[in-house]
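Each chain, letter by letter, is given below.
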Amino acid sequence: QVQLVESGGGLVQVGGSLRLSCAASGRTFSSYAKAWFRQAPGKEREFVASIRGSSYITDYADSVKGRFTISRDNAKNTVSLQMSSLKPEDTAVYYCAVADTIGGVRSPRDYPYWGQGTQVTVSS
C-alpha cells in the first residue's frame, strides 16, 4: 500500500519560515517527479513546486519563486518544502504528490499519489 505522509505544518507569523516534509512508503519513486500543491478555502488546488526524480531540475509557481525551495532525498524516499518570508496568502492545506512522469507537469491530474495534507496558517 502506497502512502505519503506530510508533516511540519503549523501557525506562523508573517515573514516567518516553515519546513514541510513528506515521507513515502510502500514503493520507491526515484524515477518520478515530486511536487507540492496547496489548496486554500474556496479555491482550487494549485501547483506550488516540483523537482525531478533523476535530476535536480525544479519548477516553481510565480507566487512562491524566490521564497520557497523544494528538495528531495531519494535514498530516504522523502521530499521537503522550505518556506520563507511567508505571507497571509500562503495560508492553505499543503499536499505532497508523486507524478507518473519524470517531470515537467503542473496539473494535479498528472500526480496519482497524494498525501493527506498539512495545514499552514500565516497570521499577522
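Heads up: these notes are all about the structure in this document. Starting from 1, residues in each chain are numbered consecutively following that chain's sequence as written. It should be noted that, the model being predicted, local features are given only for residues of pLDDT at least 70 and side-chain atom pairs only at 80 or more, the latter also being counted only at that level, while totals for whole chains, interfaces and linings use all residues. Note: side-chain values were computed over all heavy atoms of the structure, leaving out hydrogens and water.

**Some remarks on the environment of Tyr111**
Worth spelling out the cut-off: Secondary structure elements are taken from DSSP: a helix is a run of H or I of four residues or more, a strand is a run of E of two residues or more, and numbering for both begins at the N terminus. Note on contacts: a residue pair qualifies if any of its non-hydrogen atoms lie within 4.5 Å across the two residues.
With respect to the helices, strands and loops of the structure, Tyr111 is situated in the loop between β9 (92-98) and β10 (113-114). Separated by 107 residues in sequence, Tyr111 and Leu4 have C-alpha atoms that sit 12 Å apart. Discounting residues that sit within four places of it in the chain, Tyr111 has contacts with Ala33, Ala35, Phe37, Ser50, Ala97, Val98, Ala99 and Val105.

**A look at the pattern of salt bridges**
To keep things clear, this is the line we draw: Take a side-chain nitrogen of Lys or Arg and a carboxyl oxygen of Asp or Glu: if they are within 4 Å of each other, that pair is a salt bridge. Throughout this description, buried means an accessible area under 20% of the type-specific maximum (1.4 Å probe, protein chains only), exposed means over 50%, and partly exposed covers the range between.
Under the definition given, this model contains 5 salt bridges. Residue Glu46 pairs with Arg38 through a salt bridge whose shortest N-O separation is 2.7 Å. For Asp90, the salt bridge identified is with Arg38, shortest N-O distance 2.9 Å. Of the two residues, Asp90 sits in the loop between β8 (78-83) and β9 while Arg38 sits in strand β4 (residues 34-39), which places them 52 residues apart along the sequence. With relative accessibility at 5%, the residue Arg38 sits in the buried group. Taken together, the shared-partner salt bridges in this structure form one network comprising Arg38, Glu46, Arg67 and Asp90.

**Some thoughts on the sheet that holds β8**
Cut-off, in case you're wondering: Strands pair, by our definition, only if DSSP identifies at least two bridges between them. Here, axes are lines fitted to C-alpha atoms. For helices the fit covers the stretch in contact, and angles between N-to-C directions go from 0 to 180 degrees.
Ordered in space as β1-β3-β8-β7, the 4 strands form an open sheet in which the pairing is antiparallel. The outermost strands of the open sheet, each flanked by one partner alone, are β1 (3-7) and β7 (68-73). Shown here is a sheet whose adjacent strand axes are inclined to one another by a mean of 15°, direction ignored.

**Section: the pairing of strand β5 (residues 46-51)**
With 5 of 6 residues buried, β5 lies mostly within the body of the structure. Looking at chain direction, β4 and β5 are connected through 5 bridges and run antiparallel. Its bridge partner being in β5, Lys34 is matched across the sheet by Ile51. Hairpin connection between β4 and β5: a loop of 6 residues separates the two successive antiparallel strands, and Gly42 in this loop has a positive phi of roughly 75°. Summarising the sheet, β5 and strand β6 (residues 58-60) pair through 3 bridges and their orientation is antiparallel. Bridge pairing in β6 places Ala49 opposite Tyr60. Here β5 folds back onto β6, and the loop between the two strands holds 6 residues.

**Focus on the nonpolar core**
Threshold: To qualify as a nonpolar core, a set must consist of buried Ala, Val, Leu, Ile, Met, Phe, Trp, Tyr and Cys residues joined through side-chain atoms within 4.5 Å.
Counting residues in hydrophobic clusters, the biggest one holds 35 residues, and the most contacted among them are Trp36, Val48, Phe68, Ile70, Leu81, Met83 and Tyr94. Here the element with the most residues in this core is β9; it accounts for 5 residues. Setting aside its immediate chain neighbours within four residues, Leu81 contacts Leu18, Arg19, Leu20, Trp36, Val48, Ala49, Phe68, Thr69, Ile70 and Tyr94.

**Some details on the side chain of Arg72**
Note the cut-off: Charge counting follows a simple rule: Lys and Arg are positive, Asp and Glu are negative, and His as well as the terminal groups are ignored. For the purposes of these results, a polar contact is taken to be a pair of N or O atoms within 3.5 Å, where, inside protein, one atom must be able to donate a hydrogen and its partner to accept one; residues adjacent in sequence count only when each atom of the pair is a side-chain atom.
On the secondary structure map, Arg72 appears in strand β7. The charged side chain of Arg72 is buried without a salt bridge, its nearest counter-charge being Asp73 at 6.9 Å. From its side chain, Arg72 meets the backbone oxygen of Arg52 in a polar contact 2.8 Å long. A polar atom in the side chain of Arg72 sits 3.3 Å from the backbone oxygen of Gly53. If sequence neighbours within four positions are ignored, Arg72 has contacts with Ile51, Arg52, Gly53, Ser54, Ser55, Tyr56, Thr78 and Val79.

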